[in-house]
Amino acid sequence: MVKALNLDQTLEPVLKTSPAAKNRFIYSRNKLHMLPSSIGSALTHPLIAPKIPRAGLDLIKSASGQSDESIESFITRRFGKGMSDDLISAMVHGIYAGDASKLSVRSTFGMLYHLEKDYGSVVLGMLMGGGTVETPWDTVLKEKIVAKMPDLKDFVDKTSIYSFKDGLEELSRALERDLVASGRVDIRKASIVEKLDFDQQGRTVNVSIKGQDPLQVDSVVSALPPQVLYSLLPNSYPELIQNPSVTVAVVNLVYNGDQARLPSPGFGYLIPRSENSAVNHKGLLGIVFDSCSIPDQDQGASRDHTLKLTAMIGGHMFEQIVGNHDGVDANPESSSIKEQELLFEQIAVDAVKKHLKIEAIPDIVKVHIHNQCIPQYLVGHLQRMQTLDQSLRADYDGLLAVTGAGYLGVSVNDCIKNAREVAEAVVSKMGEEEENGEAQLVGKQDAVTGLERSWFL
Ligand SMILES: C=Cc1c2[nH]c(c1C)Cc1[nH]c(c(CCC(=O)O)c1C)Cc1[nH]c(c(C)c1CCC(=O)O)Cc1[nH]c(c(C)c1C=C)C2
């Protein structure tokens, strides 16, 4: 997609060999500790070595045979509670801003689940090179892409993460520009869909839009959050409303000049659950060292003298911090929002002082509260997605498919991959229908739902 949108020029890859990719830290017991990058380095790691006698049980304990459980329960069962509280909870903060005792191990750390199932032990499985969760779709997609762009494999092998000169938003802006320029796409922003009515016989969908004429379409691919889709459908699917989403406050801090320096170069650090009750960093999930991880985003003479940090606060602890159980007030002018922003700024600045020993006052501070931004895949999520796949297939026979962060992966890459897959499948099905007259070949098994992958994870 980056190539198709001519974004290669502004791409900012972070190589796996760079300090930003290799140095990821955890703040624990008043110190930053580097996260281990291999089993070898884990054996001597100060946070892990004391837990090895207990964790060794992983090698001899048999698999539980459960179809799913929480991340905390899985890690505690195999490696002990210390490993879950001091280490894994931090990783869960750094990806899902979530609570390890609530999230599904199978849907979030599928590799661990498969290592236990296939090898009986996580460590043994890793040593034997197991655990790659590659669905048949992934394999075919990879082969197709690599055949078209052979240099891509090298890029993927060498790259840890990526961004663009003006940030990741370049991707969605370029996509919009490209679609509009094609002349085949009508993008209607700020249009609120109120209802979807399905006419199975006529094989059409009526889309009611607030304040606009209704649309009649051949098929719908919903990228709405599952809860929103739930409210638009005539049938009730409880699977769409099982998972909550968490709110994350993002605080950007910029220190100009040479007044502020990082103690070590790296990507950033995470706070484990065992540290979250401590004064001054209540609710802090972690801090990204932006100017170190993607230095070329900053241009001009000040580049090497500017420190940019991003603190992420809240997630599963958001309501606890703001003491508001109804989420955030949507009006940005309201005083409660202003008070919350000040609170988050204070938490971020205090953490930087305490953890990174940076006493300087930031020259620029920006606070953005991202309401309900990361879906939380609770225990049983994958099985629920399988049930939903069957229901959508049976009830809509290909008229409705779903995609987006609420279903099979929260990352940008997962969302793009899943969206592409579902779009290609819907388009190819439509072509088949046209070629074969009225839907002759479109049996129920062939209907596209966007959830097919759930059976292979
Ligand atoms: C401190 C909080 C957060 C940091 N990043 C995120 C939060 C909530 C959000 C996030 N991080 C990752 C994803 C998924 C993939 C993506 O779209 O980039 C999301 C939604 C990736 C990720 N971040 C960390 C890990 C181990 C991963 C998994 C993939 C990978 O290995 O790259 C760790 C991590 N996240 C943050 C920090 C400071 C950090 C490590 C020090 C910030």
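Being a predicted model, the structure only gives us computed values, none of them experimental.

## Quick look at the sheet that holds strand β12 (residues 307–315)
Then, in step 1: Taken together, the seven strands give an open sheet; going across it, the order is β3-β2-β10-β11-β12-β9-β13, and neighbouring strands pair in mixed fashion. Among the strands making up the open sheet, the edge pair consists of β3 (31–34) and β13 (364–375). Taking each pair of neighbouring strands and ignoring which way they run, the sheet shows an average axis angle of 25 degrees.

## Let's talk about the nonpolar core
Then, in step 1: The biggest cluster of nonpolar side chains holds 65 residues, and the ones touching the most others in it are I26, I71, V251, L309, A311, I313 and A348.
Then, in step 2: Contact partners of I26, with chain neighbours within four places excluded, come to H33, L35, L47, L87, A90, Y269, L270 and P272.
Then, in step 3: In this structure, L382, A401, A447 and V448 belong to the second largest nonpolar core, which totals 18 residues.

## Some remarks on the pairing of strand β5 (residues 193–199)
Then, in step 1: When β5 meets strand β6 (residues 204–209), the two strands line up antiparallel, connected through six bridges. Residue pairing in the sheet places L196 in a bridge with V207 of β6.
Then, in step 2: Counting the residues that bridge the hairpin from β5 to β6 gives four residues, and of these R203 lies at a positive phi of roughly 50 degrees.

## Focus on the site of the ligand
Then, in step 1: Taken together, 20 residues sit near the ligand, with G94, G268, G286, M312 and S411 positioned nearest.
Then, in step 2: Among the secondary structure elements, those contributing two or more residues to the shell around the ligand are β2 (24–28), α5 (81–96), β10 (268–270) and β11 (284–288).
Then, in step 3: Classifying every residue of the shell around the ligand by side-chain character gives 14 nonpolar, five polar and one charged.
Then, in step 4: Mapped onto the domain boundaries, the shell around the ligand takes at least three residues apiece from domain 1 (36–127) and domain 2 (188–242 + 379–455).

## Quick notes on the domain arrangement of the protein
Then, in step 1: Segmentation of the protein into domains returns domain 1 (36–127) and domain 2 (188–242 + 379–455).
Then, in step 2: Each of domain 1 and domain 2 has a C-alpha centre, and these two points are 35 Å apart.
Then, in step 3: Listed by partner, the interface residues are eight residues for domain 1 and six residues for domain 2.
Then, in step 4: By residue class, the composition of the side of domain 1 that touches domain 2 is one nonpolar, four polar and three charged.

## Quick look at the environment of H93
Then, in step 1: Within the secondary structure, H93 sits in helix α5.
Then, in step 2: You can call H93 buried: it has 25 C-beta atoms within 10 Å.
Then, in step 3: Along the backbone, H93 and K142 are 49 residues apart, and their C-alpha atoms lie at a distance of 29 Å.
Then, in step 4: Leaving out residues up to four positions away in the same chain, H93 has contacts with L270, I271, L285, G286 and G315.

## Remarks on the environment of L309
Then, in step 1: Relative to the helices and strands, L309 resides in strand β12.
Then, in step 2: Through-space distance from the C-alpha of L309 to that of V254 is 6.5 Å; in sequence the pair is 55 residues apart.
Then, in step 3: Residue contacts for L309: discarding those within four places in its chain leaves L253, I287, V288, F289, D290 and V352.

## A few points about the confidence of the model for the protein
Then, in step 1: Mean pLDDT over the protein stands at 87; residues scoring 70 or higher make up 91%.
Then, in step 2: Note that residues 438–445 has pLDDT below 50 and, in this model, 11 contacts with residues that lie over four places away or in other chains.
Then, in step 3: Reported for the predicted complex are a pTM of 0.90 and an ipTM of 0.94.

## Quick look at the sheet that holds strand β7 (residues 215–217)
Each strand in a sheet pairs with another by means of backbone hydrogen bonds, the pair being arranged parallel or else antiparallel.
Then, in step 1: Strand order in the open sheet formed by three strands is β5-β6-β7, with antiparallel pairing between adjacent strands. The sheet terminates laterally at β5 and β7, the two strands that pair on one side only. On average, each strand axis in the sheet is tilted by 20 degrees relative to the strand beside it, whichever way the strands run.

The rules we used
Residues numbered from 1 in each chain as written. Predicted model: local features only at pLDDT ≥ 70, side-chain atom pairs only at ≥ 80, totals over all residues. Pairing = 2+ DSSP bridges. Helix = DSSP H or I, 4+ residues; strand = E, 2+ residues; numbered from the N terminus. Axes fitted to C-alpha atoms, helices over the stretch in contact; angles between N-to-C directions. Core = buried A, V, L, I, M, F, W, Y, C linked by C-beta atoms within 7 Å. Buried ≥ 20, exposed ≤ 12 C-beta atoms within 10 Å, placed from the backbone. Contact = placed C-beta atoms within 7 Å. Near = placed C-beta within 6 Å. Nonpolar A, V, L, I, M, F, W, Y, C, P; charged D, E, K, R; others polar. Domains from an automatic or database assignment. pLDDT = per-residue confidence, 0-100.

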